[in-house]
Amino acid sequence: MAVWDDLVGQERATRQLVAAAADADSFVTAESQAPGSARLSGSSMTHAWLFTGPPGSGVASAARAFAAALQCVSPDRAGDGPGCGFCEGCHTAVVGTHADVEVVRTDLLTIGVKETRDLVRRAQLSPAGGRWQVIVLEDADRLTEGAGNVLLKAIEEPAPRTVWLLCAPSTEDVLPTIRSRCRHLALQTPPVGAVAEALVTRDGIEPETAAYAARVTQGHLERARRLATDERARQRRSAVLRLPVEVDEVGSALRAAQQLIDAAAEDAKQVAEELDATETEELRAALGGAEGKRMPRGTAGAMKELEDRQKRRATRTQRDSLDLALTDLTAFYRDVLADQLGSRGELSSVDAQDAVHRLAATSRPEQTLRRIEAVLECRTALSRNVAPLLAVESMTMALRAG
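Everything numeric here is computed off the predicted structure, so don't read it as measured data. (Residues numbered from 1 in each chain as written. Predicted model: local features only at pLDDT ≥ 70, side-chain atom pairs only at ≥ 80, totals over all residues. Heavy atoms only, no water.)

**Student:** Where do I start with the overall build of the protein chain in this structure?
**Tutor:** When its secondary structure is counted, the protein chain shows 16 helices and five strands. Relative to the globule expectation of 21 Å for 402 residues, the C-alpha radius of gyration of the protein chain, 24 Å, shows essentially globular dimensions. In terms of its C-alpha atoms, the protein chain occupies a principal-axis envelope of roughly 75 × 60 × 40 Å. Counting across all 402 residues of the protein chain, residues that qualify as buried make up 45%. For the protein chain, the computed accessible surface area is about 20100 Å², with 51% contributed by carbon and sulfur atoms. (Helix = DSSP H or I, 4+ residues; strand = E, 2+ residues; numbered from the N terminus. Rg over C-alpha atoms; globule rule 2.2 N^0.38 Å. Buried < 20%, exposed > 50% of the residue type's maximum accessible area, 1.4 Å probe, protein only. Areas by Shrake-Rupley, 256 points an atom, 1.4 Å probe, with all protein chains shown as cover.)

This is how it looks when you write it as structure tokens:
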């Protein structure tokens, strides 16, 4: 299976990346035959890329697939182009063990100057054994302003065989000076049918379940996969979609807000339980701490740093869970509005059609629009670090008022 098969419903972007990978391969081949003679100018390849697209479009998957194609060493890569998916270069890049591919993703709210400087130092190295030194920054939108300025210097003066692959939701989420120096590749939300087909063929999910998951997640591949395979995710979604019909009184609106916060906290706790214990034990072992014994002197700082990082990750996980719930609410009210305006298109909230029709019949379109605005304002408040319970309570009260 070629590395490009992970790009579901992104034919146009795939063609551009295949052409760039082929030009990159020609560059490395020419450079090996006559050092200093090869040039990238005028080709489809460049040293810095910015991948953007809405959630679920597969931005990070596209960057990782491109990174693998740049390291492809298959003898017949000249036929269909680099990115066979089977050679050592492709395989190690995809699974994350390639020495010359650094994939950076963060569980924290921001990426700071220190982490970025470490990346810049890595980018100055020549490839250890691969064809390119590739840095994939999956959360470029989380760079602080100082970190962005550090990265800008590295992109302005790139090392000869280094490629930066930055991922962000949109071009507005990175510094203008950075995006002006990158080649922009915009991805789109994949079609629902393509996502359903991918779930069936790659994950072995039943066609009916795959079609349901693809429809209600509106083409978001990872969310669809989780919804189709995780019963707890389906239960959380059902609880969120009951909220619009439960906020008929002040007390019920406040209770709904607390339940939403509790559900997000439980989600964050589940993630923490899976990761925190493993990370703590690994660090204890690395620092020489035996099980059940006191840690050696001088290691308290490292343990405290890990605890702080885990707390910040829990905060981000809770906010991500809340954002997912708010996305489902937005889709629900959009379906209500479509019903009120007489649209005959298929609803995305197929698992809550009765609630959609009931709310559409008992409210007016202008009320629905105000409710959608309330959900969007809540998302904005959360992005600005407003206390989650306060932001959600404000939203549920606005949903009640209509």
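**Student:** Sorry, what's going on with the packing of helix 15 (residues 365-383) against helix 16 (residues 388-401) here?
**Tutor:** Helix-helix packing is described using two parameters, namely the angle between the two axes and the distance between the axes. At their nearest, the axes of helix 15 and helix 16 sit 9 Å apart, and the two run at 175 degrees to each other. Taken together, the axes of helix 15 and helix 16 lie roughly antiparallel to each other. Contact with helix 15, carried on its side by Q367, R371, A374, V375, C378, A381 and L382, involves P388, A391, V392, M395, A398, L399, R400 and A401 of helix 16 and no other residues of that element. In the contact of helix 15 with helix 16, the residues fall into twelve nonpolar, one polar and two charged. (Axes fitted to C-alpha atoms, helices over the stretch in contact; angles between N-to-C directions. Parallel < 35°, antiparallel > 145°, perpendicular 65-115°, else oblique. Contact = heavy atoms within 4.5 Å. Nonpolar A, V, L, I, M, F, W, Y, C, P; charged D, E, K, R; others polar.)

**Student:** Would you explain the sheet that holds strand 2 (residues 101-104) in this entry?
**Tutor:** In a beta sheet, neighbouring strands pair by backbone hydrogen bonds and run either parallel or antiparallel. The parallel open sheet is built from five strands, whose spatial order is 2-3-4-1-5. In the strand order of this sheet, the two ends are held by strand 2 and strand 5 (183-186), each with one partner. With strand direction ignored, the average angle separating the axes of adjacent strands in the sheet is 15 degrees. Lying on the sheet, helix 2 (residues 59-70) is in contact with strand 1 (48-52), strand 2, strand 3 (133-137) and strand 4 (162-168); it crosses strand 4 at an angle near 165 degrees. (Pairing = 2+ DSSP bridges.)

**Student:** What is the right way to look at the nonpolar core in this model?
**Tutor:** Generally speaking, nonpolar side chains in soluble globular proteins are found buried as a group. Formed by 36 residues in total, the largest nonpolar core has its most connected members in L17, W49, F51, F66 and L165. Mapped onto this core, the elements with two or more residues apiece are helix 1 (11-33), strand 1, helix 2, helix 4 (88-95), strand 3 and strand 4. Each residue touching F66, except ones within four places of it in the same chain, is listed here: W4, L17, A20, A21, M45, W49, F51 and L165. Among the nonpolar cores identified, the runner-up in size contains 33 residues, and L326, I372, L382 and L399 belong to it. (Core = buried A, V, L, I, M, F, W, Y, C linked by side-chain atoms within 4.5 Å.)

**Student:** Would you take a moment to explain unusual backbone geometry for this structure?
**Tutor:** Most peptide bonds take the trans configuration, and most residues that are not glycine carry a negative phi. Even without being glycine, Q218 reaches a positive phi, approximately 60 degrees. Counting through the fold element by element, Q218 comes out in the loop between helix 9 (207-216) and helix 10 (221-229). According to the relative accessible area criterion, Q218 is partly exposed, its value standing at 26%. Phi at N385 is positive, roughly 70 degrees, even though this residue is not glycine. Tracing the backbone shows N385 in the loop between helix 15 and helix 16.

**Student:** Explanation requested: the state of the cysteines in the structure shown.
**Tutor:** What makes a disulfide is a covalent bond joining the sulfur atoms belonging to two cysteines. One pass over the structure, following the stated rule, counts zero disulfides. Between C87, a cysteine without a disulfide, and C84, which holds the nearest cysteine sulfur, the sulfur-to-sulfur distance is 3.7 Å. Just so you know, C90 is unpaired, no disulfide at all, and the nearest cysteine sulfur is the one on C87, 3.7 Å from it. (Disulfide = S-S within 2.5 Å.)

**Student:** Just to check I follow, could you spell out the pattern of salt bridges for this structure?
**Tutor:** Between side chains of opposite charge, a pair can form as their charged atoms come close. Under the defined criterion, the tally for this structure stands at 22 salt bridges. The residue E156 makes a salt bridge to R181 at a minimum N-O spacing of 3.0 Å. Of this pair, E156 sits in helix 6 (residues 145-156) while R181 sits in the loop between helix 7 (176-179) and strand 5; the two residues are 25 residues apart in sequence, bridging distant segments of the chain. For E156, a relative accessible area of 37% corresponds to the partly exposed category. Judged by relative accessible area, which is 33%, R181 ranks as partly exposed. A single salt-bridge network, built from bridges that share partners, covers R223, R237, D328 and D351. (Salt bridge = Lys/Arg side-chain N within 4 Å of Asp/Glu carboxyl O.)

**Student:** I tried to follow the packing of aromatic side chains on my own but got confused; where do I start?
**Tutor:** For any pair of aromatic rings, the description rests on two quantities: the centre-to-centre distance and the angle between the ring planes. According to the stated counting rule, one finds five aromatic pairs in the structure shown. With centroids separated by 5.5 Å and ring planes inclined at 85 degrees, the aromatic side chains of F332 and Y333 adopt a geometry described as edge-to-face. A single burial state applies to F332 and to Y333, both of which are buried. Put simply, the rings of W49, F51 and F66 touch in pairs and so form one group of aromatic residues. In this structure, R183 is placed above the aromatic ring of W49, and the distance from its NZ or CZ to the ring centre is 5.6 Å. (Phe/Tyr/Trp six-rings, centres within 6.5 Å; stacked < 30°, edge-to-face > 60°. Lys NZ or Arg CZ within 6 Å of the ring centre and 35° of its normal.)

**Student:** Help me understand the environment of A159, please; the structure alone is not making it clear to me.
**Tutor:** Looking at the secondary structure, you find A159 in the loop between helix 6 and strand 4. Along the backbone, A159 and Q124 are 35 residues apart, and their C-alpha atoms lie at a distance of 5.6 Å.

**Student:** How should I be thinking about the side chain of S74 in this particular structure?
**Tutor:** By secondary structure assignment, the location of S74 is in the loop between helix 2 and helix 3 (77-80). Residues within four places of S74 in sequence aside, it is in contact with C84 and C87.

**Student:** Where do I start with the pairing of strand 1 in this structure?
**Tutor:** Strand residues, when the strand is regular, have side chains that alternate between the two faces of the sheet. Burial analysis of strand 1 places five of its five residues in the buried class, which makes it a mostly covered element. Every second residue of strand 1 is oriented toward a common face, with A48, L50 and T52 on one face and W49 and F51 on the other, all of them buried. Sheet topology places strand 1 next to strand 4; five bridges connect them, and they run parallel. Bridging across to strand 4, A48 finds its partner in W164. As paired elements, strand 1 and strand 5 share four bridges and run parallel to each other. Across the sheet, residue T52 finds its bridge partner in strand 5, namely A186.

**Student:** Is there a simple way to think about helix 13 (residues 300-340) in this case?
**Tutor:** Structurally, the α-helix is built with 3.6 residues per turn, so residues lying three or four positions apart point the same way. Its 41 residues place the ends of helix 13 60 Å apart at the C-alpha level, agreeing with the 60 Å of an ideal helix rising 1.5 Å per residue. Once helix 13 ends, the next one or two residues include G342, with phi positive near 85 degrees. (Expected span 1.5 Å × (residues − 1).)

None of the figures reported here should be taken as evidence of function without further support.
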